[in-house]
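Residues per chain, in single letters:
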Amino acid sequence: MVYIPSVHFDSIYSLLLSLLNYLFIMPSRFLWLAALLVAASSCNTKVENTSTKRDYLAENLDTTVSPANDFFEYANGGWIKKNPIPGDQATWGIGNLVVEENLKRFKEL
């Protein structure tokens with residue numbers, strides 16, 4: 001037996017018949033759904049991306065180094081050259097840049 005709240009069906013067959021009856025014999029209940037589907041499918045609101053996204057990986061490659069000779073330098077050399085370790089820091093990485101950016105934004109609030 002299949003149970004639906006406040007409705008009892010003896011078999012899947014009777015459930016399907018009841019659903020078909022509900023959907024096709026009383027379609028006025030679903031006119032709002034049909035209208036919504038038609039409106040959504042006919043909506044032609046494509047948003048064109050006029051701005052080009054930056055490719056941070058390509059920007060930070062060091063193309064002066066052959067990846068076959070030193071892949072680490074090829075992949076990270078551009079970022080290392082653009083972001084030298086400050087004199088008052090023992091290490092420097094992307095985490096430090098994130099912390100600095102967050103502190104700058106907090107001060108602006």
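These numbers come from a predicted model, not from an experiment.

**Q** Lay out the environment of E59 with the relevant residues and their values.
**A** Here E59 shows up in helix α3 (residues 56–59). Expressed as a C-alpha distance, the spacing of E59 and W79, which sit 20 residues apart in the sequence, is 8.2 Å. With residues near it in sequence (within four places) discarded, E59 still touches R54 and K82.

**Q** Summarise the pattern of salt bridges; cite the residues concerned and give the values.
**A** Applying the stated criterion across every chain yields a total of 4 salt bridges. Linking D62 and K81 is a salt bridge whose minimum nitrogen-to-oxygen distance equals 2.9 Å. You can see D62 sitting in the loop between α3 and α4 (71–82) and its partner K81 sitting in helix α4, a full 19 residues away along the chain. Taking the relative accessible area as the measure of exposure, D62 reaches 6% and is therefore buried. Assessed through its relative accessible area of 55%, K81 is described here as exposed. Salt-bridge contacts for K104 lead to E101; the nearest nitrogen and oxygen are separated by 3.6 Å. Of this pair, K104 and E101 both sit in helix α5 (residues 94–108), 3 residues apart, roughly one helical turn. Relative accessible area serves as the criterion here: at 45%, K104 is assigned to the partly exposed category.

Criteria and thresholds
- Counting from 1, residues in each chain are numbered in the order their sequence is written.
- Local features are withheld for residues below a pLDDT of 70 in this predicted model, meaning they are given only at 70 or higher, and side-chain atom pairs are given and counted only at 80 or more; totals for whole chains, interfaces and linings count all residues.
- Remark: hydrogens and water are excluded; side-chain values derive from all non-hydrogen atoms of the structure.
- Numbering of helices and strands runs from the N terminus; a helix is a DSSP stretch of H or I covering at least four residues, while a strand is a stretch of E covering at least two.
- What makes two residues a contact is simply this: any of their non-hydrogen atoms within 4.5 Å.
- Take a side-chain nitrogen of Lys or Arg and a carboxyl oxygen of Asp or Glu: if they are within 4 Å of each other, that pair is a salt bridge.
- Think of it in three bands: residues with accessible area under 20% of the maximum for their type are buried, residues over 50% are exposed, and the middle band is partly exposed, with areas taken using a 1.4 Å probe on protein chains only.

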